Amino acid sequence: MLSVSTLVQALVLLPAIASAAKEKFDYDSLSLREVGARNTLDWRIWLEKDGEPISFWHDIPLYPDESNQQIINFYVEIPRWTDGKVETKRNEPLNPIFHDDSQGQVRFVESVWPHKTYPVLYGSVPQTWEDPNFDHEYTGYPGDNDPVDLFDVSGIDAGYTGQVKQVKILGALAMVDDDATDWKVMAIDIRDPVAALVDSVQDLDKYRPGLAKAMYDWFIYYKVARGKSTNTIVGGNYVNATFATDVVRESHEYWLDLMRGRTEAKKISRDQTSNPEWRETYVEKKAATRKFKIPKKSRVEPAARKPEKYENWYHLDEQFRLIELPGQKKA
Ligand SMILES: *[C@@H]1O[C@H](CO)[C@@H](O)[C@H](O)[C@H]1NC(C)=O
């Protein structure tokens with residue numbers, strides 16, 4: 001039987017346990033474990049904390065400070081001015097970053113004039129999920145089964161794959177791609193000199209004129225050069241920062257349901273190292289390398305060459321139709 005003193009002890013300990021769980025996330029303890037050659041299917045980057053692997057998707061907290069939900073964490077998959085379709089590996093343990101492929105070939109985006117490659121930093125919002133199990137109210141389409149995508153319009157550095165940073169939400173595009181909801185949140189690195197001056201897409205227009213419009217268009221047409229149709233943006237404009245912040249919070253709730261096993265999950269690895277109370281998915285990070293047969297340390301090989309055609313520029317007409325010359329092949 002439980003003695004009164006044990007019970008008292010347990011009660012005294014409770015707040016300590018709760019505060020340990022809420023312990024501040026130490027960003028300085030993060031590092032990367034990179035293995036293989038870039039531009040190949042086998043290349044991977046894992047996120048490490050204190051030298052042990054954790055999940056980009058499930059282990060980085062969404063909010064650096066929950067009392068200000070306009071500022072969120074973001075991890076970079078595609079640095080600015082690069083074109084490899086680098087993404088989160090949803091279905092591998094601890095969700096490393098990898099180079100996405102189509103029919104066995106690594107993918108790149110085509111450069112459409114006047115832009116070359118991705119004009120902004122691009123990546124995912126941790127601890128969010130675009131739930132594919134129902135049609136979402138605003139778009140009328142189910143989620144695309146990925147974390148929420150975000151593009152960072154800051155001009156301070158081009159970022160690097162696996163970088164974890166804090167950004168301020170300015171708005172979002174409700175993109176529909178292949179009949180799935182695929183939100184693109186627009187945000188700015190809080191260290192950017194204009195970040196403190198801007199709270200909305202309109203504010204950004206004062207300091208970076210044309211940027212929001214250019215990115216709006218870019219998301220509509222960026223697949224056209226490879227022969228696909230344009231993407232649709234529901235509402236025909238950015239939703240405001242308040243709405244975008246709500247979209248992120250809602251997708252965080254879908255993610256919580258996913259992790260608590262309350263939702264059907266397909267092709268998703270839910271392994272995580274930071275919530276022991278989710279026993280089904282918890283792995284102690286010290287044990288993760290062995291358990292998941294992750295390479296023990298970085299082993300970077302020289303990057304493979306990317307196919308020459310991605311050096312080309314493509315041109316679109318005003319309706320975003322590809323300008324084709326006689327005899328010229330599509331991307
Ligand atoms: C943001 O957008 C929502 C939905 O369109 C609207 O209801 C709300 O008033 C807007 N908020 C601001 C601050 O403009």
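Here the structure is shown first, and the text comes after it.
Residues numbered from 1 in each chain as written. Predicted model: local features only at pLDDT ≥ 70, side-chain atom pairs only at ≥ 80, totals over all residues. Heavy atoms only, no water.

## Digging into the pairing of strand 12 (residues 164-177)
Reasoning step 1: The buried fraction of strand 12 is high, at 13 of 14 residues.
Reasoning step 2: In this structure, strand 4 (residues 71-78) lies alongside strand 12, joined through five bridges in antiparallel fashion. Across the sheet, the residue bridging to Ile72 is Val167, located in strand 12.
Reasoning step 3: Two elements, strand 12 and strand 14 (residues 184-189), share six bridges in a ladder whose sense is antiparallel. Along strand 14, the bridge assignment pairs Ile169 with Ala187.
Reasoning step 4: Pairing of strand 12 with strand 15 (residues 232-239), which is carried by four bridges, proceeds in the antiparallel orientation. Counterpart to Ala172 in the pairing with strand 15 is Val239.
Reasoning step 5: Alignment of strand 12 against strand 13 (residues 180-181), held across two bridges, turns out to be antiparallel. Bridge assignment links Asp177 to a residue of strand 13, and that residue is Ala180. (Buried < 20%, exposed > 50% of the residue type's maximum accessible area, 1.4 Å probe, protein only. Helix = DSSP H or I, 4+ residues; strand = E, 2+ residues; numbered from the N terminus. Pairing = 2+ DSSP bridges.)

## Describing the packing of aromatic side chains
Reasoning step 1: Across all of its chains, the model carries 17 aromatic pairs by this definition.
Reasoning step 2: Taking the centre distance of 5.0 Å and the plane angle of 50 degrees together, the rings of Phe151 and Phe219 count as tilted. Taken as a pair, Phe151 in strand 11 (residues 149-152) and Phe219 in helix 4 (residues 211-221) lie far apart in primary sequence, 68 residues in all. The pair Phe151 / Phe219 is uniform in exposure class, with both members buried.
Reasoning step 3: What links up through ring pairs into an aromatic cluster is the set Tyr118, Tyr122, Phe151, Trp218, Phe219 and Tyr222.
Reasoning step 4: If you follow Lys49 out to its NZ or CZ, it ends over the ring of Phe25, 5.1 Å from the centre.
Reasoning step 5: It is Arg80 that lies over the ring of Trp81; its NZ or CZ is 4.6 Å from the centre. (Phe/Tyr/Trp six-rings, centres within 6.5 Å; stacked < 30°, edge-to-face > 60°. Lys NZ or Arg CZ within 6 Å of the ring centre and 35° of its normal.)

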